[in-house]
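As a plain string of letters, each chain reads:
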Amino acid sequence: MRRISFTHESLARTRMSASPEKLVEALFALDLLCTGRGGAMFDGWRKKALTVPRARELVALAQTIRPFPDIYRLVRQASDTVTDPVSAEGRPQVVKDLGAFYRSAIAPYWKRIAGRLEVDRAARGQLLLSGGVDRLMSTLHPSLRWESPVLEVPGTGADVLLEKDGLLLVPALFLHSRQPVLFADHEDADRPMLAYPIPVKQTWAAPLWDSGDSTEHAYSNEHALGALLGRTRAAVLRALTDSCTTTELGERVGISAAAASQHTGVLRKAGLITTIRTFNKVQHSLTPLGSALLYHDLAA
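Computed from a prediction, not measured in an experiment: that's the story for all the values here.

Asker: Describe the overall build of the protein chain, naming the residues involved and giving the relevant values.
Answerer: Across its full length, the protein chain carries 13 helices and 10 strands. Out of the 300 residues in the protein chain, the part that is buried amounts to 48%. Long-range contacts, defined as pairs at least 24 residues apart, comprise 67% of the intrachain contacts of the protein chain with a sequence gap of at least 6. Here the protein chain has roughly 15100 Å² of accessible surface; of this, 52% comes from carbon and sulfur atoms.

As structure tokens, then:
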């Protein structure tokens, strides 16, 4: 086990990732593909991913050198993002192959994947609000052990002392059936980062790998949400996958700021969104209930 020791300053700066990490998910997906993890819940994705050009060469490479930390370091040194153009000059072939792998094997499903990650992120935020840092840290994953101010993480390597930088907590779908992964070296990440697997249910995992285009399943879900909330209000809820102000929300949905304010009022009373006012601005976000409704995760 590795020990992460926090100071009051670093603990205060510990936070959830504001958005899903595409590079991290792409490499976890590659690791899942080459190890055969995930079982039946990832079968649909695995079959499609293996048809991606040069996917088998990438899998063979990942079986020789580890996706983490080896390929991760190589990609970060070569570019800032996994979605950079494959044809970019001067980049190693593995970086180009990983970019192509992401665009063909993950990007078609990214909106749904990001939705599942947002459900977990919202739930963790609720735990933080109701139980503080202690409850958040102690419920991240069964393999983690939290005894303030120390978090014990599976793995080998030197212990970590966080003096000023907080820990970035990153939920990951393709880390399923694996233990959390710590990125604590300066060459590994802009800041210390802990990726942890989100719980995966068979009921929603299989539909993730339907065609990335509009499908009958996706259409029925959209139709059901619209019938429940009304088309415009459902669009408002979908637009709040990323938090935004009332003006930004109106622009996303194509309605006036006044109309957006009316719809957010109704959704807030229903417990589907939360609104925080800072000076003369308000910021709207999905609640765990809103995320669960949007991404069809209300079943126990």
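Asker: Let's hear about the pattern of salt bridges: which residues, and what values?
Answerer: In this structure the tally under the stated criterion is 10 salt bridges. Between R37 and D31 there is a salt bridge, with its nearest N and O atoms 2.9 Å apart. As a salt-bridge pair, D31 and R178 come within 2.5 Å of each other at their nearest N and O atoms. On the criterion of sequence distance, the pair formed by D31 in helix α2 (residues 22-35) and R178 in the loop between β6 (168-172) and β7 (181-183) is long-range, its members being 147 residues apart.

Asker: Describe the packing of α2 against helix α6 (residues 93-105), and please don't skip the residues or the numbers.
Answerer: Any two packed helices are characterised by how steeply their axes cross, that is the angle between the axes, and by the distance between the axes. At a minimum axis distance of 10 Å, the contact between α2 and α6 shows a crossing angle of 90 degrees. Relative to α6, the element α2 is oriented roughly perpendicular. Only L98, F101 and Y102 of α6 make contact with α2, whose side of the interface consists of K22, L23, A26, L27, A29, L30 and L33. Of the residues in the contact of α2 with α6, the class split is 9 nonpolar, no polar and 1 charged.

Asker: Talk me through α6; I want residue IDs and the actual numbers.
Answerer: Taking 1.5 Å of rise per residue, 13 residues should cover 18 Å, and α6 covers 18 Å from first to last C-alpha, within 8% of that figure. Listed as buried for α6 are V94, V95, D97, L98, G99, F101, Y102 and A105. Packed against the buried residues of α6 are α2, α3 (43-49), α4 (55-62), α5 (67-78) and α7 (110-138).

Asker: Explain the pairing of strand β9 (residues 273-278) to me, and be specific about the residues and the numbers.
Answerer: Here β9 runs beside strand β10 (residues 281-286); their pairing, made up of 6 bridges, is antiparallel. In the strand pairing of β10, R277 is matched with V282. Where β9 folds back onto β10 in an antiparallel hairpin, the turn is made up of 2 residues, including F279, whose phi is positive at roughly 55 degrees.

Asker: Would you mind going over the sheet that holds strand β2 (residues 15-16) in detail, with residue names and values included?
Answerer: Pairing in this open sheet of 4 strands is mixed, and the strands run β2-β6-β8-β7 from one edge to the other. Looking at strand neighbours, the two that pair on one side only are β2 and β7, the edges of this open sheet. Sheet topology note: the β6/strand β8 (residues 193-197) ladder contains 5 bridges and is parallel. Across the sheet, the residue bridging to P171 is Y196, located in β8. Here α7 sits on the sheet and contacts β2, β6 and β8; the angle it forms with β6, its principal contact strand, is near 140 degrees.

Asker: Report on the nonpolar core, specifying residues and quantitative values.
Answerer: Note that soluble globular proteins tend to have their nonpolar side chains buried in a common cluster. F28, W45, F101, L151, L173 and F174 are the most contacted members of the largest nonpolar core, which has 70 residues in total. It is α2 that contributes the most residues to this core, 10 residues altogether. Among residues more than four places away in sequence, those in contact with F174 are E25, F28, A29, L32, R37, F42, W45, I113 and W209.

Asker: Outline the sheet that holds strand β3 (residues 145-147), listing residues and values.
Answerer: Sheet architecture is open: 4 strands sit in the order β3-β4-β1-β5, paired in mixed fashion. Since the sheet does not close on itself, it has two edges, and those belong to β3 and β5 (160-162), each with one partner. Ignoring strand direction, the axes of neighbouring strands in this sheet form an average angle of 15 degrees. One ladder, built from 3 bridges, connects strand β1 (residues 2-6) with β5; its direction is parallel. Residue pairing across strands places F6 opposite L162, the latter belonging to β5. Each of β1, β3 and β4 (150-153) touches α7; the most contacted strand, β3, lies at about 155 degrees to it.

Asker: With reference to specific residues and values, describe the packing of aromatic side chains.
Answerer: Tallied over the full model, the rule gives 10 aromatic pairs. With centroids separated by 5.7 Å and ring planes inclined at 75 degrees, the aromatic side chains of F6 and W146 adopt a geometry described as edge-to-face. Taken together, the residues span a long stretch of sequence, with F6 in strand β1 and W146 in strand β3 at a distance of 140 residues. Comparing F6 with W146, the two get one shared label, buried. Geometrically, the ring pair formed by F42 and F174 is tilted, given 5.7 Å between the ring centres and 50 degrees between the ring planes. Of the two residues, F42 is situated in the loop between α2 and α3 and F174 in the loop between β6 and β7; the sequence distance between them amounts to 132 residues. Here F42 matches F174 in class, with each residue buried. Over the aromatic face of W204 sits the side chain of R116, whose NZ or CZ is 3.9 Å from the ring centroid.

Cut-offs used in this document
Residues numbered from 1 in each chain as written. Predicted model: local features only at pLDDT ≥ 70, side-chain atom pairs only at ≥ 80, totals over all residues. Heavy atoms only, no water. Helix = DSSP H or I, 4+ residues; strand = E, 2+ residues; numbered from the N terminus. Buried < 20%, exposed > 50% of the residue type's maximum accessible area, 1.4 Å probe, protein only. Contact = heavy atoms within 4.5 Å. Areas by Shrake-Rupley, 256 points an atom, 1.4 Å probe, with all protein chains shown as cover. Salt bridge = Lys/Arg side-chain N within 4 Å of Asp/Glu carboxyl O. Axes fitted to C-alpha atoms, helices over the stretch in contact; angles between N-to-C directions. Parallel < 35°, antiparallel > 145°, perpendicular 65-115°, else oblique. Nonpolar A, V, L, I, M, F, W, Y, C, P; charged D, E, K, R; others polar. Expected span 1.5 Å × (residues − 1). Pairing = 2+ DSSP bridges. Core = buried A, V, L, I, M, F, W, Y, C linked by side-chain atoms within 4.5 Å. Phe/Tyr/Trp six-rings, centres within 6.5 Å; stacked < 30°, edge-to-face > 60°. Lys NZ or Arg CZ within 6 Å of the ring centre and 35° of its normal.

Everything listed here is a matter of coordinates, which is why it stays silent on function.
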